[in-house]
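The residues making up each chain are set out below.
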Amino acid sequence: MTDGRLLVVEDDAAQREPLARFLRSLGHDVLVAGTATGAQALLDLGGTDVAVADLRLPDGDGISLVR
């Protein structure tokens, strides 16, 4: 059982992966993406409860993504 599905959107793997590991250790189902395009594809699948997005991504910005 998980406490919710989270999407972590961060282009820097050195930041993305430790955050994802930490959230998984708390019982969350965590999806990760390194681009706005990749994140949008995951969001389109549905079932994401929370998204944590970097403001500056290589192909867009986090604010537009979460809108």
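Residues numbered from 1 in each chain as written. Predicted model: local features only at pLDDT ≥ 70, side-chain atom pairs only at ≥ 80, totals over all residues. Heavy atoms only, no water.

1. A word on the pattern of salt bridges
Right, on to step 1. Here the structure, examined in full by the defined rule, presents 2 salt bridges.
Right, on to step 2. In this structure, the salt-bridge partner of D29 is R5, at a minimum N-O distance of 2.9 Å. Residue D29 is found in strand β2 (residues 29-33), and its partner R5 is found in strand β1 (residues 5-9); the two are separated by 24 residues along the sequence.
Right, on to step 3. Residue class for D29 comes out partly exposed when judged on its relative accessible area of 26%.
Right, on to step 4. Here R16 makes a salt bridge to E17, at a shortest N to O gap of 3.1 Å.
Right, on to step 5. Classification of R16 as buried rests on a relative accessible area of 13%.
Right, on to step 6. By relative accessible area, E17 is classed as partly exposed at 29%. (Salt bridge = Lys/Arg side-chain N within 4 Å of Asp/Glu carboxyl O. Helix = DSSP H or I, 4+ residues; strand = E, 2+ residues; numbered from the N terminus. Buried < 20%, exposed > 50% of the residue type's maximum accessible area, 1.4 Å probe, protein only.)

2. Section: the sheet that holds β1
Right, on to step 1. The sheet built from 3 strands is open, its strands ordered β2-β1-β3 with parallel pairing. This sheet does not close on itself; its edge strands, each paired only once, are β2 and β3 (50-53). Strand after strand, the sheet turns through a mean of 20° between neighbouring axes, direction not considered.
Right, on to step 2. Note that β1 and β3 share 4 bridges and pair parallel. If you follow V9 over to β3, its bridge partner there is A53.
Right, on to step 3. Across the sheet, helix α1 (residues 13-25) touches β1 and β2, and the angle it forms with β2 is around 170°.
Right, on to step 4. Set on the sheet, helix α2 (residues 36-44) makes contact with β1 and β2; between it and β2 the angle comes to about 145°. (Pairing = 2+ DSSP bridges. Axes fitted to C-alpha atoms, helices over the stretch in contact; angles between N-to-C directions. Contact = heavy atoms within 4.5 Å.)

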